[in-house]
Amino acid sequence: MKKPERKFKVAGSVGLLLLLTAGGAVVLSGTRSQEFPHERHASLFPTCLGCHAGVPEGDAENVYSVAPEFCAGCHDGRARPEVAWSGPTPVPGNLAFSHTDHPPLECAVCHASPGTDPVEIERAVLPTCLGCHAPGAEGHQAAGVNCAGCHLPLTEATELPAERIAAFPVPADHAADDYIGAHGAMAEADAARCTVCHARESCSRCHVNDEQVPLIRDLPADARVAELVAGRPGEWPAPESHGREDWSLAHGVEAEESIASCSNCHVKESCAGCHGSATERIAAGLPERRPGGPAGAQVAVARPPGHTPGFASEHGTAAALGLPECSSCHSESFCTDCHDGPTAPGLTGRSVSGPTLTSAAGFHPANFVVRHGAEAYAGLTECSSCHSTEVFCRDCHLQIGVGQGAVTASGAFHDAQPLWLLSHGRAARQGLEQCASCHVQQSCLRCHSAKVGWRVNPHGSNFDAERLKDRSTMSCGICHFGFQLLDP
């Protein structure tokens, strides 16, 4: 049975879409210096290969075999008028197509307009390609379409001008509200899709850690993209976790667990506003800002929760409990500026008694000397953080009649404790070093010596003299063997 003849009509205003370059890449050919009248020549060239003999062989030089000398075979000026045919003018593109590499198809499969009789030959259109390469896709740029199957990576489409790149259509999924937060996972799943439109500069505009991310580091650079992104600030929207009420306190723990995630948006300088000199230790895993590189997400300096106006006098408890972790913001020198003894700033001159105790600027409020005894006794303030109790306290107490040689019953210092004399033993056993800030052994021996004075037994009911007698006979001899240590 004879196969029915198929009639073709070539659309003269469109022509073929594809042109093979010397490197095998495909570029668009949409403009012509002169349109070729295909309809008038249809009887002379009943098949496409009459003029496009180089297509099946992948011969780039003969894809269009219609050249001026080819036309002159008929248009010699005698049989037919001479014509000046210059052929189509290629337009650079980024299609990756080769008739030779593609499975063989009849020209009409891609270049015929369906439903026309005779068949009209036109350029291959996008739905034709998607019909085979992404039959389930909702559109050209839909998620799941294999972009790299038809397009070159942008850095290989070197003939494309920057303005054409800037006009690339934006895929619909790029407009989603969570796209910036989700695009990293999308890039890892299909990096080839990204490279069709993007070069390294596309990512480096925002990613301060581009040199630490292999997916970005391996992307080639492109001068055209660098030109397009120059001067455009990066975008660093805050993740959902940053909106939590406890984020300012909890972010340190999460940063330790995943500092790489933080480094997508933050450089070390982002932390310096709050963490100061501790930044180098705390933010060691973050990249440093490069000259001319993105600034990264900026962090507003804020007082941590709980740092109320009176926190300076209450911070000791918080520091002891580690709530908050002081070292997150403060270095050791920050504390020792106040807590390193009487030579600390603001405490100069406070190593002696007198007006400087109440007038010098520093840690304590005005007139603190009047009530410091109760706080010192109750341990509300750790005096030894700044003061030497054996020297600083005694200098003042001796001048006002409380100190070495003083009898505790005078009440000069322990005025806040009624009947202190009867209960001081328990306090002495719990913290004898505090007693030593004012008293020496002679003060105790006035009452507690076994040889002189009131001879009050200082030992508790469970005291075992036999067990201790060999430990220090000298200590026992102070009270029991008549050593004269009292004032003459």
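Residues numbered from 1 in each chain as written. Predicted model: local features only at pLDDT ≥ 70, side-chain atom pairs only at ≥ 80, totals over all residues. Heavy atoms only, no water.

Caption draft 1: Summary view of the overall build of the protein chain. If you tally the helices and strands in the protein chain, you get 25 helices and five strands. Burial status across the protein chain gives 27% buried among its 488 residues. Entry remark: accessible area of the protein chain is about 31,200 Å², with carbon and sulfur atoms responsible for 58%. (Helix = DSSP H or I, 4+ residues; strand = E, 2+ residues; numbered from the N terminus. Buried < 20%, exposed > 50% of the residue type's maximum accessible area, 1.4 Å probe, protein only. Areas by Shrake-Rupley, 256 points an atom, 1.4 Å probe, with all protein chains shown as cover.)

Caption draft 2: Up close: the environment of A124. Looking at where A124 falls in the secondary structure, it is placed in the loop between β5 (119-121) and α5 (126-133). For A124, a relative accessible area of 13% translates into the label buried. Each C-alpha atom, one on A124 and one on V109, is 9.0 Å from the other, the two residues being 15 residues apart in sequence.

Caption draft 3: Highlighting a nonpolar patch on the surface. Taken together, the side chains of L421, W454 and V456 make up a nonpolar region of the molecular surface, amounting to roughly 310 Å² of accessible area. The residue W454 is located in the loop between α23 (441-448) and α24 (465-468) in this model. Look at W454 and you get exposed, because its relative accessible area is 64%. (Patch = residues over 30% accessible without salt bridge, like charges linked within 9 Å, V, L, I, M, F, W, Y side chains within 5 Å. Salt bridge = Lys/Arg side-chain N within 4 Å of Asp/Glu carboxyl O.)

Caption draft 4: Representation of unusual backbone geometry in the model. In this structure, R455 is a non-glycine residue whose phi angle is positive, near 55°. As for its position among the elements, R455 is in the loop between α23 and α24. Of the residues examined, R455 reaches a relative accessible area of 53% and is grouped as exposed.

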